[in-house]
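This is what each chain is made of:
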Amino acid sequence: MITARAAATFDPVARSVATARAFVRDTLQGWGYTDVVDDAVVLTSELVTNAVIHAGTAADVLCLRTEDGVRVEIADHYPEREIPLQPAALDLDSLDSENGRGLLLCAALASRWGVEYSPTRKHVWFQLDLPDRPVGVRSAGPLLPVGLLPVTDEHVRVAVVQVDSEGAVAAWNDDAAYLFGYTADQVTGKQLTDFTAWPQTPGTSTGIADALRLSRWEGSYGIRGADGRTIPVYGSHLRVRDPQGEPSTVCLLVRDYERAVLQTPARAPVSDTAESHKTDPFEVFIGSPAPDDLDGLLQRTVERARDMLDADAAFLLLATDDETELEVRATTGLPSARQRFARVPVEAGTGRYGSARMPAVHEDLDAVPGAVPLLGNTGMRSVVTVPLKVEGRLTGSLGVAAEAAGRYSNEEALRLQFAADRIALAVESARLGELERLRRGSLSFLVEASDLLAGTLDRDQTLALMAQMTVPTLATWCAVYTIADPASDPELSYVLHEDEERIDGLKSLLTRISPPEPVRTPGARVWAAPSQAAHEAALRTSMRSIGIGDAGGLGSTTRTTLATAAAVGGETVVLPLVARNRVIGMLTLGKPSDDHFRQEILELAEDLSRRAALALDNARLYSERTTISQSLQRSLLPPGLPAVPNVEVDVIYRAAGEGNEVGGDFYDVFPIRDGAYGFAIGDVCGTGPEAAAVTGLARHALRLLAREGFGGPAVLERLNAAILDEGTRSRFLTLLYGELWPQEDGSALLKVVCAGHPLPLRLRQDGSVEPAADPQPLLGVMEDLELYEQEFTLEPGDVLLCVTDGVTERREGTRMLGDDGLADVLAHCTGLTAGAVAARILRAVERFAAEPPSDDMAILTMRVPEPH
């Protein structure tokens, strides 16, 4: 049965893929279906890509919610296009193949999928079922002995929030203000869903709207605090009626690790006989119900292990896939913020006490310093550790410690090993589940990252994207170093911190230390220099501040230095950026004080660095190509316009095509000899670099031949021969060439040859417009040309307008500006300067049509000013 639906249509453009992903993610999160969001986003990305990129049509996306899961349909408008229905038809050996990859993902991730055809559309759909996890009301449990009561680390605060029938907050107590940072005035009247973060919710598939409508409900979710962080909470909801008789929900919320305050224990089954059922050893140790998420399970484990042996601290480490290192995942009684995700070797020595694969008891750590590196400088003296194994494979290590020496013996080790054996399988199962969720989330992250990086060829924007994708998702801060060439040193190019106020201090610190050594070896390597430099700077600053006064009197520089030290005091790793077999830079990721990266994050960062390196190198190559192209193109333009006595000269030039400064149109004005000036305006057949090559030939040949003393017809005939000599590379060329002689009476004598070019127009003072030359054959077609020049005089106040066909052939639909339209515009330019006439012509051309011009344009104007 369908309980909700959401639909949207996306245009056939590349950016629609990312928009469709966001639409599906927001829809499913709004429904509370966070367990299947990552899979749905990945599948949607592939199928919408097939529709808008490969099929080239709009994509219709439909999300249908059912009681058991969600169905997503993607439709395009090419039902006659075939898709590979048989897996054997797909090239499974080619991981880079685009064909059929979406269907392979459907087969791998979806519960069900298929393809349906209609007369106008083709539908590809997939169904994702929700995991079978019990939610809802829990029953009350029996009284517990005092010794079995849960232990809290601080004063327990219970947030009481009342929500009205519309889902808006009606009451908000002081404990809620303390836990989440909002005062009652800030939240009253706002929807509770505005402050919930369901993507952080482990172990439940019930959305917030559904949970608020139930008579009674218990479960975990996240509240987004005033500082932006998500606070995991455990909630107990009770549906009541307010004084006006309207339905209302009272929500009691505590921190998730204090869930025992509110959580209702499951009622033990009652036997039909007087004998009680045998209790599961796992439930005896971990409690029932067991936490739904891995972190909750591990934290519950260390707390129960500590209580079981009456210890002061406990810790649990999980083994990496290759069983060479152990990663700290849960602690109690130890500085967990410092130790979390720290890694220690499995084999720390040659004896049994140096291996995590065997139980070990240390009666006094002071006698064997460094035997347990995790407990260094913690005050713990006696410790017992036992391995967690599944089918003979080491999966982790559990340990408890006490501040007194000689507290533990083999008896305690056996008890702890018995407990470890009971929970090892559950921990490994939860770990594999977490890895699977991380893998799917990583796949979704990399899909979006690749989409963003492929969307730009700008180097600076690529650097910014690299940093913004890693902070704060993968790291607290990020620095990108670039290497211009193999002989250059790494250069700090971009720095980002999740707290903008820390960026300047971090950049200053990294500038003062030597960059990391560029190493091509793949993978992340630890870089200790930033942390050491920050700690040394903080120490020097603190020592100087002692003579100034107490901490309250510290200046802003001192506070900035100390804050920077805290920001980079954790683990820092460097990943090489390798593209085309060359190290082009390094991606540096860092954590705050004493924090560590988890292995899964480093693997994801390595995948991202490979994609980012290729994107950065593509941006570099594009930038170099553009710079070279623009430099070459600028060399084809005249260096400047000469000052012609008693004649105003102005030019406007526009090249068609992105990144082109010179196209097939060209112009030139140059001195020939004393008192004589040459001018030319031409149009090579076509646009772009090929046409620009002929442009350079024509412009330089005109100058050379004119200065050798050849007249206009002779110049053009020799240029025609040079163009024909180019053979298959030759291009047709229309050209207006003329010579100008300013006269002593204030007029100007002109001799022109118009070889297939739009005729020059002469504007007289009375506003009349007439052609100033006759048409003759264009260049680059026939070998023998018989050209002639025409002579006329520009009187004071007259204007000569020369343009290329990009002006006269400006179109909108079936309309064209044409020669008559250009003449009408010029007729209204009497009294204007040469520059003003050119500007008015350009404005008329641009306004003639809504679309930008698609052809090159050159406008050359000459005017003889009137005497003052």
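Predicted model only: the values in this text are computed from it and were never measured.

Caption draft 1: Representation of the side chain of Asp76 in the model. With respect to the helices, strands and loops of the structure, Asp76 is situated in strand β3 (residues 69-76). When its relative accessible area of 5% is taken as the criterion, Asp76 is described as buried. Look past the residues within four positions of Asp76 in its chain and what remains in contact with it is Ala51, Ala55, Thr57, Ala58, Thr120, Arg121 and Lys122.

Caption draft 2: Expanded view of the environment of Arg255. The topology assignment puts Arg255 in strand β10 (residues 247-255). Distance from Arg255 to Val158, taken between C-alpha atoms, is 8.4 Å for residues 97 residues apart in sequence.

Caption draft 3: Structural view of the pairing of strand β17 (residues 477-482). Of all six residues in β17, six are buried; the element is thus mostly enclosed. With burial as the criterion, each face of β17 is covered, one bearing Trp477, Ala479 and Tyr481 and the other bearing Cys478, Val480 and Thr482. In this sheet, strand β18 (residues 491-497) lies alongside β17 in antiparallel orientation, the contact comprising six bridges. Note that in β18 the partner of Val480 across the bridge is Tyr494.

Caption draft 4: Local environment of the packing of aromatic side chains. Applying the stated criterion to the full structure yields five aromatic pairs. Ring centres 5.8 Å apart and planes at 55° place the aromatic pair Trp172 and Phe180 in the tilted group. Each member of the pair Trp172 and Phe180 is classed as buried. Where Tyr653 meets Tyr667, the ring centres are 5.9 Å apart and the plane angle is 50°; that geometry is what we call tilted. In this pair, Tyr653 is assigned in strand β22 (residues 648-654) and Tyr667 in strand β23 (residues 665-673), connecting sequence segments 14 residues apart. The class for Tyr667 is buried, based on a relative accessible area of 13%. Seen from the ring of Trp125, Arg71 lies directly overhead, with NZ or CZ sitting 4.1 Å from the centre. Across the ring face of Phe418, the terminal group of Arg422 is positioned such that the distance to the ring centre comes to 4.6 Å.

Caption draft 5: Quick look at empty space enclosed by the protein. Applying the stated rule across the entire model yields three cavities of 30 Å³ or more. Quantified by volume, the largest cavity comes out at close to 290 Å³. The wall of the largest cavity is formed by 19 residues, among which Ala356, Ala371, Val372, Pro373 and Thr385 lie closest to the centre. Of all elements in the fold, only β11 (313-319), β13 (343-345) and β14 (360-362) reach the threshold of two or more residues within the lining of the largest cavity. Looking at the lining of the largest cavity, its residues break down into 14 nonpolar, five polar and no charged.

Caption draft 6: Expanded view of the packing of helix α10 (residues 410-454) against helix α11 (residues 459-470). The N-to-C vectors of α10 and α11 enclose an angle of 165°; their axes lie 10 Å apart at closest approach. As far as their axial angle goes, α11 and α10 are roughly antiparallel. Judged by the twist between their axes, the crossing of α10 over α11 is right-handed. Every residue of α11 that contacts α10 at Phe445, Ala449, Leu452 and Leu453 is listed here: Thr462, Leu465, Met466 and Met469. Each residue belonging to the contact of α10 with α11 can be placed in one class, and the counts come to seven nonpolar, one polar and no charged.

Caption draft 7: Molecular detail of a nonpolar patch on the surface. A contiguous nonpolar patch, built from Phe732, Val781 and Met782 and spanning about 290 Å² of accessible area, is present on the exposed surface. By the element assignment, Met782 lies in the loop between β28 (769-771) and β29 (790-794).

Thresholds, definitions, all that
- Residues numbered from 1 in each chain as written.
- Predicted model: local features only at pLDDT ≥ 70, side-chain atom pairs only at ≥ 80, totals over all residues.
- Heavy atoms only, no water.
- Helix = DSSP H or I, 4+ residues; strand = E, 2+ residues; numbered from the N terminus.
- Buried < 20%, exposed > 50% of the residue type's maximum accessible area, 1.4 Å probe, protein only.
- Contact = heavy atoms within 4.5 Å.
- Pairing = 2+ DSSP bridges.
- Phe/Tyr/Trp six-rings, centres within 6.5 Å; stacked < 30°, edge-to-face > 60°.
- Lys NZ or Arg CZ within 6 Å of the ring centre and 35° of its normal.
- 1 Å grid on protein atoms, 1.4 Å probe; cavity = no way out; pocket = protein on both sides within 12 Å on 5 of 7 lines; lining within 4 Å.
- Points joined across faces, edges and corners; volume = space filled by probe spheres on them.
- Nonpolar A, V, L, I, M, F, W, Y, C, P; charged D, E, K, R; others polar.
- Axes fitted to C-alpha atoms, helices over the stretch in contact; angles between N-to-C directions.
- Parallel < 35°, antiparallel > 145°, perpendicular 65-115°, else oblique.
- Left-handed = near helix turned anticlockwise from the far one by under 90°.
- Patch = residues over 30% accessible without salt bridge, like charges linked within 9 Å, V, L, I, M, F, W, Y side chains within 5 Å.
- Areas by Shrake-Rupley, 256 points an atom, 1.4 Å probe, with all protein chains shown as cover.
- Salt bridge = Lys/Arg side-chain N within 4 Å of Asp/Glu carboxyl O.

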